[in-house]
Amino acid sequence: MTSLSTTSPEEYLEKMRYYCSYQERCHAEVVQKLYSLGAPQLMHDEVIVHLLQHNFLNEERFAKTFALSKFHQKKWGKIRITNELKQRQISAYLITKGLQEIPSHEYEETFETLTEKTWQAITEKNALKKRKKFCDTLLRKGWESELVYEVVKKLEKNS
């Protein structure tokens, strides 16, 4: 077993190729992984350039995949997705491209379904507390406040 101090540049490259091949990664995640592996600072740029040249690392692809998967799997709204991508140091241009991957009709349908399920799941008897829990849940998931407050008025009338 080799220790971190005797790891060759090729071994770092191989580890990072594997790291980027089983899941889309952004530059920040790759740099963080290189630090955790103990790679020398001088090697970081060399490894990242290699990964970019060989298409293991592509931030546009990452942004698109991230936005679409978080929307489908976790039902996140555009605000949450945007904030998470900013946290990963993705540019505003790429964030916009990633959000464009979400079809608008699907976004609206998901929002409607999510609001109905969330409203029904809250068993609170007090109307104000129920409204607050409902709004907090959807805002935490990153849905636009205008949409949330608009739909809460409709749901209160119907219940």
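Refer to the structure presented above.
No experiment lies behind these values; they were computed from the predicted model shown. Each chain carries its own residue numbering, running from 1 in the written order of its sequence. At least 70 in pLDDT is required for a residue's local features to be given in this predicted model, at least 80 for side-chain atom pairs to be given and counted, and no such filter applies to totals for whole chains, interfaces and linings, which use all residues. Note that the side-chain values use all heavy atoms of the structure and ignore hydrogens as well as water.

*Asks:* When you look at the packing of aromatic side chains in this model, what are you seeing that I'm missing?
*Replies:* When we look at a pair of aromatic rings, we describe it by the centre distance and by the angle of the planes. Here the aromatic set is Phe, Tyr and Trp, taking the six-membered ring for Trp, and pairing holds for ring centres within 6.5 Å; pairs whose planes are under 30 degrees apart are stacked, those over 60 apart are edge-to-face, and all others are tilted. Per the stated rule, a full pass over the model turns up 9 aromatic pairs. With a centroid separation of 5.7 Å and an interplanar angle of 25°, the aromatic rings of F71 and Y107 are classed as stacked. Here Y107 lies in helix α7 (residues 104-121) and F71 lies in helix α4 (residues 59-74), a separation of 36 residues in the sequence. Here F71 and Y107 have matching classes, each one buried. Ring plane angle 85° and centroid distance 5.1 Å describe the contact between W119 and F134, whose orientation is recorded as edge-to-face. You can see W119 sitting in helix α7 and its partner F134 sitting in helix α8 (residues 127-140), a full 15 residues away along the chain. An identical accessibility class is assigned to W119 and F134; each is buried. Among the aromatic residues, ring-to-ring pairing joins F71, Y107, F111 and W143 into one connected group. Charges are assigned to positions over rings by a cutoff of 6 Å between ring centre and Lys NZ or Arg CZ, combined with an angular limit of 35 degrees from the ring normal. Cation over ring: R25 sits above Y19, and NZ or CZ is 3.7 Å from the ring centre. In this structure, R80 is placed above the aromatic ring of W76, and the distance from its NZ or CZ to the ring centre is 4.1 Å. Numbering of helices and strands runs from the N terminus, with a helix taken as a DSSP run of H or I at least four residues long and a strand as a DSSP run of E at least two residues long. Burial classes: relative accessible area under 20% of the type maximum marks a residue as buried, over 50% as exposed, and values in between as partly exposed (1.4 Å probe, protein chains only).

*Asks:* Would you explain the side chain of H44 in this entry?
*Replies:* Residue position: H44 is located in helix α3 (residues 41-53). Whenever two N or O atoms come within 3.5 Å, that pair is a polar contact, provided that in protein one can donate a hydrogen and the other can accept it, and provided that, for residues adjacent in sequence, both atoms are side-chain atoms. Reaching out from H44, the side chain makes a polar contact with the backbone oxygen of A39 at a distance of 3.2 Å. Apart from residues no more than four positions distant in its own chain, H44 is found in contact with V31, L34, Y35 and A39. Contact between two residues is taken to exist if any of their heavy atoms lie within 4.5 Å; hydrogens are not considered.

*Asks:* Help me out: how do you make sense of helix α2 (residues 27-37) in this one?
*Replies:* Residues spaced three or four apart along an α-helix face the same direction, because each turn holds 3.6 residues. Residues E29, V30, L34 and L37 constitute the buried set of α2. All buried residues of α2 project into a common sector of 140° when viewed along the axis, lining one side. When the buried face of α2 is taken as reference, the exposed residues oriented beyond 90 degrees from it are Q32, Y35 and S36. Those residues of α2 that are buried lie in contact with α1 (9-21), α3 and α4. Following α2 by one or two positions, G38 adopts a phi angle in the positive range, close to 85°. In this description, one arc is meant: the one made by directions from the helix axis to the C-beta atoms.

*Asks:* What is the right way to look at the packing of α1 against α2 in this model?
*Replies:* In a pair of packed helices, the angle between the axes and the distance between the axes together describe the arrangement. The axes are straight lines fitted to the C-alpha atoms, using for helices just the contacting stretch, and the angles between their N-to-C directions are given from 0 to 180°. Interhelical geometry of α1 versus α2 gives an angle of 135° and a closest axis separation of 11 Å. Between α1 and α2, the interaxial angle falls into the category oblique. By crossing handedness, the relation of α1 to α2 is classed as right-handed. Touching Y12, K15, M16, Y19 and C20 of α1 are E29, V30, K33, L34 and L37, all from α2. The residue classification treats Ala, Val, Leu, Ile, Met, Phe, Trp, Tyr, Cys and Pro as nonpolar and Asp, Glu, Lys and Arg as charged. All others, Gly included, are polar. Among the residues making up the contact of α1 with α2, the classes are represented as 7 nonpolar, no polar and 3 charged. Just so you know how the angles are binned, under 35 degrees is roughly parallel, over 145 roughly antiparallel, 65 to 115 roughly perpendicular, and the rest oblique. Handedness of a helix crossing follows the sense of rotation of the near helix relative to the far helix, less than a right angle counterclockwise being left-handed and clockwise being right-handed.

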